[in-house]
Amino acid sequence: MADLSKEQQTTAEQREQYGREMDAKNAAMENIEVPLENRELADHEIPPPLTEEEVRAKVGNQNFKNATDDSAPTSIGS
């Protein structure tokens, strides 16, 4: 144990109280409900892939075109 002065040392009662507080805090955190939008989906809940038209509608036509256009030169050094 580190060489601490009497004023810096904690008593057994203080350590026990701290342990009880941490146990209570951890128990409270374990019992929280996970919001529906944050939970993992089961395999049967995963939606099907988006169609090309749905992707275009979500990102915009020009963004879709830029992302799928292969005419951009690639960088050799990267």
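Figured I'd write up the structure that's included with this text. (Residues numbered from 1 in each chain as written. Predicted model: local features only at pLDDT ≥ 70, side-chain atom pairs only at ≥ 80, totals over all residues. Heavy atoms only, no water.)

**Digging into the overall build of the protein chain**
Broken down by element type, the protein chain carries three helices and zero strands. When its helices and strands are written in sequence order, the protein chain yields α-α-α. Total accessible area on the protein chain is roughly 7,800 Å²; 53% of this is exposed by carbon and sulfur atoms. (Helix = DSSP H or I, 4+ residues; strand = E, 2+ residues; numbered from the N terminus. Areas by Shrake-Rupley, 256 points an atom, 1.4 Å probe, with all protein chains shown as cover.)

**With respect to the environment of R20**
If you trace the backbone, R20 turns up in helix α1 (residues 12-30). In terms of polar contacts, R20 uses its side chain to reach the side chain of Q17, at 3.2 Å. (Polar contact = N/O pair within 3.5 Å; in protein donor to acceptor, adjacent residues only side chain to side chain.)

**Description of the pattern of salt bridges**
A full pass over the atoms with the stated rule returns one salt bridge. The residue E52 makes a salt bridge to R56 at a minimum N-O spacing of 3.2 Å. Of the two residues, E52 and R56 both sit in helix α2 (residues 52-59), four residues apart, roughly one turn of that helix. (Salt bridge = Lys/Arg side-chain N within 4 Å of Asp/Glu carboxyl O.)

**Observations regarding the packing of α2 against helix α3 (residues 61-68)**
In contact at an axis separation of 6 Å, α2 and α3 are set at 115 degrees when each is read in the N-to-C sense. Packed against α2, whose contacting residues are E52, V55, R56 and V59, the element α3 presents N61, N63 and F64 at the interface. Residue composition of the contact of α2 with α3, by class: three nonpolar, two polar and two charged. (Axes fitted to C-alpha atoms, helices over the stretch in contact; angles between N-to-C directions. Contact = heavy atoms within 4.5 Å. Nonpolar A, V, L, I, M, F, W, Y, C, P; charged D, E, K, R; others polar.)

**Concerning the environment of L50**
Along the chain, the position of L50 falls in the loop between α1 and α2. Classification of L50 as partly exposed rests on a relative accessible area of 46%. Beyond its immediate chain neighbours, meaning those up to four positions away, L50 contacts V55 and K58. (Buried < 20%, exposed > 50% of the residue type's maximum accessible area, 1.4 Å probe, protein only.)

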